[in-house]
Amino acid sequence: MTATQINLVQSSWEKVVPISDTAAKLFYGELFELDPGLRSLFTSDMAAQGKKLMQAISLAVRGLNDLGKLVPVIQDLGRRHVGYGVQDKHYETVGTALIWTLEQGLGPAFTSAVKEAWIEVYTGIATTMQRAASETVAR
Ligand code: HEM
């Protein structure tokens, strides 16, 4: 991930923050359309869940400049997701729904360079979460 990509992700995310409630709704709508089976994993209030998700993405996006601090936070998040019943394969579906949501929210500002940068960032976060999760199971 280059400094330019970090900038692209951070500046594009700032445009999503003001519409984060709508973005969260769009995201879960798409996620459950892609895989209706995922709905049963979510037991708490979806509006509250949407806020938590948006806050976590904000934290991750703002933390990209200091990976030393961000990585342990993401590892903890990955370990907690084991307890929510989340499996490795689910990360791809969530990634697809996230990219789709950004595309809806940003419109023409979601250029191919912005998309590439988000795919790199999401893949990095997902891989870090998955690795921490698999180490938890093995123990
Ligand atoms: C970038 C990746 C992800 C981020 C930033 C993220 C963020 C969060 C956050 C902040 C929470 C609140 C609880 C906590 O902090 O432990 C949460 C809960 C949860 N997440 Fe994720 N998540 C990600 C990936 C996934 C994936 C791939 C799934 C699979 C479907 C998933 C399903 C869930 C479920 C089921 C809960 C618990 C909901 C409940 O309590 O009802 N998440 N997530």
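See above for the structure.
Residues numbered from 1 in each chain as written. Predicted model: local features only at pLDDT ≥ 70, side-chain atom pairs only at ≥ 80, totals over all residues. Heavy atoms only, no water.

> Explain the site of the ligand to me, and be specific about the residues and the numbers.
Looking at the ligand, there are 20 residues lining it, with Thr 43, Ser 44, Arg 80, His 81 and Tyr 84 nearest. Between an oxygen atom of the ligand and a main-chain N or O atom of Ser 44, the distance comes to 2.9 Å. A distance of 2.6 Å separates an oxygen atom of the ligand from a polar side-chain atom of Arg 80. Judged by the fraction of its atoms near the pocket grid, the ligand is located in the largest pocket. Listing elements by their share of the shell around the ligand, those giving two or more residues are helix 3 (46-62), helix 4 (67-83), helix 5 (90-106) and helix 6 (112-138). The leading source of residues in the shell around the ligand is helix 3, at four residues. Along the lines of polarity and charge, the residues of the shell around the ligand split into 13 nonpolar, five polar and two charged. (Near = heavy atom within 4 Å. Polar contact = N/O pair within 3.5 Å; in protein donor to acceptor, adjacent residues only side chain to side chain. 1 Å grid on protein atoms, 1.4 Å probe; cavity = no way out; pocket = protein on both sides within 12 Å on 5 of 7 lines; lining within 4 Å. Sits in = over half its atoms within 2 Å of the grid points. Helix = DSSP H or I, 4+ residues; strand = E, 2+ residues; numbered from the N terminus. Nonpolar A, V, L, I, M, F, W, Y, C, P; charged D, E, K, R; others polar.)

> Any chance you could break down the packing of aromatic side chains for me, citing the residues and the numbers?
Scanning the model with the defined rule gives five aromatic pairs in all. With 5.0 Å between their ring centres and 75° between their planes, Phe 27 and Tyr 28 make a pair best called edge-to-face. Judged by relative accessible area, Tyr 28 falls into the buried class, the value being 7%. On the numbers, 5.6 Å between centres and 65° between planes, the contact of Phe 32 with Phe 42 is edge-to-face. Of this pair, Phe 32 sits in helix 2 (residues 20-34) while Phe 42 sits in the loop between helix 2 and helix 3, placing them ten residues apart in sequence. The exposure class of Phe 32 is buried, given its relative accessible area of 9%. Each residue in the set Phe 27, Tyr 28, Phe 32 and Phe 42 is aromatic and connected to the rest through ring pairs, giving one cluster. (Phe/Tyr/Trp six-rings, centres within 6.5 Å; stacked < 30°, edge-to-face > 60°. Buried < 20%, exposed > 50% of the residue type's maximum accessible area, 1.4 Å probe, protein only.)

> Go over helix 5, please, and point to the residues and values.
If you check helix 5, its first and last C-alpha atoms are 24 Å apart, about what 17 residues at 1.5 Å a residue would give, namely 24 Å. Count one or two residues on from helix 5 and you reach Gly 107, which has phi positive near 55°. (Expected span 1.5 Å × (residues − 1).)

> How would you explain the environment of Leu 98 if you had to name every residue and give the values?
Position of Leu 98 relative to the elements: it lies in helix 5. Along the chain, Leu 98 and Phe 27 lie 71 residues apart, while their C-alpha atoms are 6.2 Å from each other. Those residues within four positions of Leu 98 in sequence are excluded, and the remaining contacts are Phe 27, Ile 57 and Tyr 122. (Contact = heavy atoms within 4.5 Å.)

> Outline the coordination of the iron atom of the ligand, supporting the account with residue identities and numerical values.
A lone protein donor contacts the iron atom of the ligand, and this donor is His 81 (NE2), found at 2.0 Å. By the element assignment, His 81 lies in helix 4. (Donors = N, O, S within 2.8 Å, 3.2 Å for Na, K, Ca; no water.)

> Give me the environment of Ala 117: which residues, what numbers.
For Ala 117, the location among the structural elements is in helix 6. Considering only alpha carbons, one finds Ala 117 and Thr 2, 115 residues apart in sequence, at a separation of 8.7 Å. Look past the residues within four positions of Ala 117 in its chain and what remains in contact with it is Gln 5, Leu 8 and Val 9.

> Summarise the nonpolar core; cite the residues concerned and give the values.
The biggest cluster of nonpolar side chains holds 33 residues, and the ones touching the most others in it are Val 9, Trp 13, Leu 31, Leu 102, Phe 110 and Trp 118. Listed by contribution, the elements that provide at least two residues to this core are helix 1 (3-16), helix 2, helix 3, helix 4, helix 5 and helix 6. Per element, the largest residue contribution to this core is eight residues, and it comes from helix 6. The residues touching Trp 118, leaving out its near neighbours within four places in the chain, are Val 9, Ser 12, Trp 13, Ile 57, Val 61, Ile 99, Leu 102 and Phe 110. (Core = buried A, V, L, I, M, F, W, Y, C linked by side-chain atoms within 4.5 Å.)

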